[in-house]
Amino acid sequence: MRFERIRSGEDPRYGEAMALYQRSFPLFEQRYPQVQLAVMPQEEYHFTLLYEGEDFAGLLLYWEAEDFRYVEHFAIAPQLRGQSWGSRALREFLAEGDPVVLEIDPPEDPVS
């Protein structure tokens, strides 16, 4: 699996990534598009695309702090879900070093 960071909405891969983002998260959990574009160039923010070969597999959006990484959004392409792609991506991400905080919602309703 390959991790590729993009820093701008001008990147041709941004549209496909945002389509997955919008399908994968309830509207109330999403950043407004203009806010997403504003944070992408920040050094601490990572808008990371996941690839297997040339195929887009998912996205991992996180902040890198001094001693840890904070994952806000993580999604695998629908056609790859249930095939351990998410587990594999997280294992590879965790192997990079710093501790990781993964934001989740308590399973209190069907959306969560």
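Structure first, text after, so check above.
A brief look at the structure comes next. Everything numeric in this text was worked out from a predicted model, so none of it was measured. (Residues numbered from 1 in each chain as written. Predicted model: local features only at pLDDT ≥ 70, side-chain atom pairs only at ≥ 80, totals over all residues. Heavy atoms only, no water.)

Overview of the side chain of Gln30
With respect to the secondary-structure elements, Gln30 resides in the loop between helix 1 (14–24) and helix 2 (33–39). Among the polar contacts listed, one links the side chain of Gln30 to the backbone oxygen of Gln22, at a separation of 3.3 Å. (Helix = DSSP H or I, 4+ residues; strand = E, 2+ residues; numbered from the N terminus. Polar contact = N/O pair within 3.5 Å; in protein donor to acceptor, adjacent residues only side chain to side chain.)

Regarding the sheet that holds strand 3 (residues 55–64)
Read across the open sheet, the five strands follow the order 1-2-3-4-5; overall the sheet is mixed. Strands at the two margins of the open sheet, each flanked by one partner only, are strand 1 (2–6) and strand 5 (100–102). Taking each pair of neighbouring strands and ignoring which way they run, the sheet shows an average axis angle of 35°. Of the pairings in the sheet, the one linking strand 4 (residues 69–76) to strand 5 comprises three bridges and is parallel in character. The residue bridging Val71 from the neighbouring strand is Leu102, located in strand 5. Running at roughly 75° to strand 3, helix 1 makes contact with strand 1, strand 2 (45–52), strand 3 and strand 4 of the sheet. Strands in contact with helix 3 (residues 85–94) are strand 1, strand 2, strand 3, strand 4 and strand 5; relative to strand 4, the strand with the most contacts, it is inclined by about 155°. (Pairing = 2+ DSSP bridges. Axes fitted to C-alpha atoms, helices over the stretch in contact; angles between N-to-C directions. Contact = heavy atoms within 4.5 Å.)

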